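So you can see what is in the structure, the chains are spelled out below.
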Amino acid sequence: MSSPVIDLHTHSTVSDGTETPTELVEAAAAAGVDVLGITDHDTVGGWDEAATAAERLGIALVRGIEISCTFGEAGVHLLGYLTDQHDPDLMAELARARASRATRLLRMVERMADDGIPISHDDVLAQVADGATPGRPHIADALIANGVIEHRDEAFEDWLTDESPYYVTHYSPDPVRAVELIRAAGGVPVIAHPFTRTRVDTVTDALVEQMTAAGLVGLEAFHRDHGPDEIARCRWLADRLGLVLTGSSDYHGVGKQNRLAENTTAPEVLATIEAAGTGVTAVLRP
């Protein structure tokens with residue numbers, strides 16, 4: 001019997017994906033995914049719709065979030081699986097981050113427009129689904145709609161990078177604090193693509209150690225932004241610190257090259273993640 005196909009990192013229109021939660025689950029089922037993780041940025045807003053679709057299509061659903069954190073100059077993305085969606089401290093932190101993203105987006109667009117790039121705030125808002133968390137990918141989508149570029153990746157190669165003159169920071173929690181919040185909410189924290197080659201400042205070994213002491217459970221080692229060296233570094237840290245290694249697509253729909261199930265997680269790793277949670281939010285299985 002073949003192992004289940006497990007993809008634990010995807011996004012819907014509730015944050016910066018291009019497919020609704022229902023469409024995301026349908027795409028996953030069509031791609032042969034058996035267990036899907038929905039991990040929109042700073043929100044659990046897509047959980048209920050995704051759960052209904054997963055039940056209809058007979059695939060398992062791991063409900064999660066992706067929290068953008070900052071440590072010094074480094075950006076850290078933290079996946080939180082199976083958290084309590086009603087935990088007041090975690091929900092307050094996510095709400096604060098979403099509000100900051102919205103105002104930051106306006107300032108970035110103003111800088112770009114002032115420099116002659118054909119884009120307006122209304123153009124960007126037209127790309128954000130109702131109730132969704134706005135982000136830089138929506139700026140990219142507006143540029144695509146205006147005929148400036150063809151794919152999201154083009155925008156992130158230049159205008160939307162952290163080093164761009166148009167970049168504006170937004171509020172994001174300290175990653176150690178974010179680990180503590182996820183654990184307090186009964187969830188399981190895993191660092192997403194910790195050593196990505198597309199960013200200048202990445203996670204340090206010392207930070208992983210601090211996060212592990214706070215309750216970190218794993219590292220997303222198998223990701224298209226990691227090559228052999230980055231995967232080897234993840235393995236070394238995991239062996240030393242007792243962490244699990246996950247693999248995921250980080251799928252956003254159209255506009256990014258990531259494809260569902262291009263990287264996957266082993267069944268025994270998913271079992272460890274489930275065991276590490278408190279059970280307030282369980283994996284939904286058909």
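One can find the structure itself at the top, above this paragraph.
Quantities reported herein were computed from a predicted structural model and do not represent experimental measurements.

On to the sheet that holds strand S5 (residues 188-192). Read from one edge to the other, the open sheet built from seven strands follows the order S1-S2-S3-S4-S5-S6-S7, with strand pairing classed as mixed. Strand pairing shows two members of the sheet lacking a second neighbour, strand S1 (6-10) and strand S7 (244-247), which therefore form its edges. The average undirected angle you get between the axes of adjacent strands in this sheet is 30°. The pairing of strand S4 (residues 74-81) with S5 spans five bridges and is classified as antiparallel. The residue of S5 that forms the bridge with Leu79 is Val190. Seen against the sheet, helix H2 (residues 47-57) touches strand S2 (35-41) and strand S3 (60-71) and runs at an angle of roughly 150° to S3. Of the strands in this sheet, S2 and S3 are in contact with helix H3 (residues 88-114), which crosses S3 at around 65°.

With that settled, consider helix H5 (residues 136-145). With eight of its 10 residues buried, H5 lies for the most part within the structure. Among the residues making up H5, those that are buried are Arg136, Pro137, His138, Ile139, Ala140, Asp141, Ala142 and Leu143. Contact partners of the buried residues in H5: H3, helix H4 (121-125) and helix H6 (152-157). Gly147, located one to two residues past H5, shows a positive phi value of around 80°.

With respect to the helices and strands, the residue His41 is situated in strand S2. A polar side-chain atom of His41 sits 3.4 Å from a polar atom in the side chain of Asp16.

It is at 9 Å that the axes of helix H7 (residues 175-184) and helix H8 (residues 205-214) come closest, and there the two elements cross at 25°. By the angle between their axes, H7 is roughly parallel relative to H8. Both H7 and H8 take part in a crossing whose hand is right-handed. Together, Pro175, Val176, Val179, Glu180 and Arg183 of H7 and Leu207, Gln210, Met211 and Ala214 of H8 make up the contact between the two elements. A class-by-class count of the residues in the contact of H7 with H8 yields six nonpolar, one polar and two charged.

Let's shift gears to the nonpolar core. Within the largest apolar cluster, 43 residues are counted, with the highest numbers of intra-cluster contacts made by Leu36, Leu78, Ile191, Val208, Met211, Leu216 and Leu219. If you look at the next biggest cluster of nonpolar residues, it comprises 17 residues, including Leu8, Ala60, Val188 and Leu270.

Among the structural elements, His77 can be located in strand S4. Given the relative accessible area of 19%, His77 is considered buried. Distance from His77 to Pro194, taken between C-alpha atoms, is 7.5 Å for residues 117 residues apart in sequence. Side-chain polar atoms of His77 contact the side chain of Glu66, separated by 3.0 Å.

Here the focus is the packing of aromatic side chains. Summed over the entire model, instances satisfying the criterion amount to zero aromatic pairs. Here the basic side chain of Arg96 rests over the ring of Tyr171, its NZ or CZ set 3.7 Å away from the ring centre.

Turning next to the pairing of S2. A large share of S2 lies buried, amounting to seven of its seven residues. The alternating pattern of S2 places Val35, Gly37, Thr39 and His41 and Leu36, Ile38 and Asp40 on opposite faces, both of which are buried. Both S1 and S2 contribute to a ladder of three bridges, which runs parallel. The partner of Ile6 across the bridge, within S2, is Val35. Taken together, S1, helix H1 (residues 21-30) and S2 constitute a β-α-β crossover, and its handedness is right-handed. Bridging between S2 and S3 involves seven bridges; their strand directions are parallel. Bridge pairing links Thr39 to Gly64 in S3.

Here we come to the pattern of salt bridges. Considering all chains together, one arrives at six salt bridges under this definition. Two residues, Glu209 and Arg240, come together in a salt bridge whose shortest N-O distance is 2.7 Å. Highlighted residues: Glu209 in helix H8 and Arg240 in helix H9 (residues 228-241), separated in sequence by 31 residues. Of the residues examined, Glu209 reaches a relative accessible area of 32% and is grouped as partly exposed. Residue classification places Arg240 among the partly exposed positions, given a relative accessible area of 40%. In this structure, Glu262 and Arg224 form a salt bridge, with 2.9 Å as the shortest nitrogen-oxygen distance. Taken together, the residues span a long stretch of sequence, with Glu262 in the loop between S7 and helix H10 (267-276) and Arg224 in the loop between strand S6 (218-222) and H9 at a distance of 38 residues.

Reading the values: the criteria
Residues numbered from 1 in each chain as written. Predicted model: local features only at pLDDT ≥ 70, side-chain atom pairs only at ≥ 80, totals over all residues. Heavy atoms only, no water. Pairing = 2+ DSSP bridges. Helix = DSSP H or I, 4+ residues; strand = E, 2+ residues; numbered from the N terminus. Axes fitted to C-alpha atoms, helices over the stretch in contact; angles between N-to-C directions. Contact = heavy atoms within 4.5 Å. Buried < 20%, exposed > 50% of the residue type's maximum accessible area, 1.4 Å probe, protein only. Polar contact = N/O pair within 3.5 Å; in protein donor to acceptor, adjacent residues only side chain to side chain. Parallel < 35°, antiparallel > 145°, perpendicular 65-115°, else oblique. Left-handed = near helix turned anticlockwise from the far one by under 90°. Nonpolar A, V, L, I, M, F, W, Y, C, P; charged D, E, K, R; others polar. Core = buried A, V, L, I, M, F, W, Y, C linked by side-chain atoms within 4.5 Å. Phe/Tyr/Trp six-rings, centres within 6.5 Å; stacked < 30°, edge-to-face > 60°. Lys NZ or Arg CZ within 6 Å of the ring centre and 35° of its normal. Right-handed = clockwise from strand over helix to strand, strands pointing away. Salt bridge = Lys/Arg side-chain N within 4 Å of Asp/Glu carboxyl O.

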